[in-house]
Amino acid sequence: MSSDPSEVSGQAPASAEELSAETREVIAYYDALAPTYDTNRFGNSYGAYLDGLERRALREWLQGPRVLDLACGTGRFLDLASEGLDLSEKMVERARERRPGRRIHHAPAWSIPAADGSYDSVFALHLFMHLHLGDIRRVMAECRRVLRRGGVLVFDFPNALRRRLVRYQATGWHAGTELMTWDLKMLGGRHWRLTRSRGLALAPIHRLPHAARPAFMAAEVVLGRTPLKHLASYYLVRLEKVD
């Protein structure tokens, strides 16, 4: 890969004609949210709690120097990645301001502007939950293409069991897709091996006192690795490319 961020980071995304109406709706949503995203989503104790759990897992699970943050948003995790990608132009603009000099692609997750085997790791947080199963398969196939043999793919998704227990039903595309770990075989088949899984947000964090949230995080880091992870709000998984 070239070391010049200007060579491919400005590559145009798929044309509007190639994007579905729902995808254009998603882009418009995040374009509008970009100026206040960091403050509104992660500038509070609840957001800081999730960020801490996610960041800890990424530091443990990612491998190699060539790491792609897929759907990088405003660049929250670009300190852990060598490159980023997002389909929201406004999110990409904010990420480039936040991480000057970092290569950040404006492109769809199913069309990564990189050669085969370019990355050691790819991670995508808060992405698959917005996609239909067919699109998840397409993104996973593209991640498989750009990862080297033995490379890892890390992503999260809402826990279908937890949603059923609390009788939560999503409406529309926003976090509309829920999964269980056994769904991964249906999505990726023989091309991936599940090496790690962890539960995130076991407790209803938004109901805990703000002062108690940091202390509870240490307990959740441990509990999220036990069978209790099956009751968490989200799963985080690490897949290894096997062929």
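Residues numbered from 1 in each chain as written. Predicted model: local features only at pLDDT ≥ 70, side-chain atom pairs only at ≥ 80, totals over all residues. Heavy atoms only, no water.

Asker: If you had to explain the side chain of E54 to someone new, which residues and values would you point to?
Answerer: For E54, the position within the fold is in helix α4 (residues 45-61). For E54, the residues in contact, after removing those within four places along its chain, are R76, F77, L125, H126 and L200. (Helix = DSSP H or I, 4+ residues; strand = E, 2+ residues; numbered from the N terminus. Contact = heavy atoms within 4.5 Å.)

Asker: Can you break down a nonpolar patch on the surface residue by residue, with the values?
Answerer: Taken together, the side chains of L165, V166, Y168, L223, L228 and L231 present a nonpolar region at the surface, about 520 Å² in accessible area. For Y168, the position within the fold is in the loop between α7 (160-166) and α8 (183-188). (Patch = residues over 30% accessible without salt bridge, like charges linked within 9 Å, V, L, I, M, F, W, Y side chains within 5 Å. Areas by Shrake-Rupley, 256 points an atom, 1.4 Å probe, with all protein chains shown as cover. Salt bridge = Lys/Arg side-chain N within 4 Å of Asp/Glu carboxyl O.)

Asker: Please provide a residue-by-residue account of helix α6 (residues 133-146), values included.
Answerer: With 14 residues, α6 should cover 20 Å at 1.5 Å per step; its first-to-last C-alpha distance of 20 Å lies within 8% of that length. Buried residues along α6 sit in contact with β1 (67-70), β4 (119-124), β5 (147-158), α8, β6 (192-200) and β7 (234-241). (Expected span 1.5 Å × (residues − 1).)

Asker: How would you summarise the packing of α4 against helix α9 (residues 213-223) if you had to cite specific residues and measurements?
Answerer: Contact geometry for α4 and α9: axes closest at 10 Å, N-to-C directions at 30°. Between α4 and α9, the interaxial angle falls into the category roughly parallel. In the crossing of α4 with α9, the sense of the turn from one axis to the other is right-handed. Contacts between α4 and α9 involve S45, Y46, A48, Y49, G52, L53 and R56 on the former and, on the latter, R213, F216, M217, E220 and V221. For the contact of α4 with α9, the per-class residue count stands at seven nonpolar, two polar and three charged. (Axes fitted to C-alpha atoms, helices over the stretch in contact; angles between N-to-C directions. Parallel < 35°, antiparallel > 145°, perpendicular 65-115°, else oblique. Left-handed = near helix turned anticlockwise from the far one by under 90°. Nonpolar A, V, L, I, M, F, W, Y, C, P; charged D, E, K, R; others polar.)

Asker: Just give me the short version of the side chain of T177, but keep the residues and values in it.
Answerer: Mapped onto the elements, T177 comes out in the loop between α7 and α8. A polar atom in the side chain of T177 sits 2.5 Å from the backbone oxygen of L131. (Polar contact = N/O pair within 3.5 Å; in protein donor to acceptor, adjacent residues only side chain to side chain.)

Asker: Can you explain the nonpolar core? Please cite residues and give values.
Answerer: L70, V122, F128, M140 and F155 are the most contacted members of the largest nonpolar core, which has 31 residues in total. Where this core is concerned, the elements lending two or more residues are β1, β4, α6, β5, α8 and β7. With five residues, α6 is the single largest residue contributor to this core. With residues up to four places along the chain from it excluded, the contact list for L70 reads L85, A109, I112, V122, F123, A124, L125, L127, V139 and C143. Residues Y49, L58, L80 and V92 belong to the second largest nonpolar core, which totals 24 residues. (Core = buried A, V, L, I, M, F, W, Y, C linked by side-chain atoms within 4.5 Å. Buried < 20%, exposed > 50% of the residue type's maximum accessible area, 1.4 Å probe, protein only.)

Asker: Before we move on, could you go through the confidence of the model for the protein and cite the residues and values that matter?
Answerer: Predicted confidence across the protein gives a mean pLDDT of 89, with 93% of residues reaching 70 or more. Taken together, the stretch residues 1-12 has pLDDT below 50 and engages in 24 contacts with residues farther than four places along the chain or on a different chain. (pLDDT = per-residue confidence, 0-100.)

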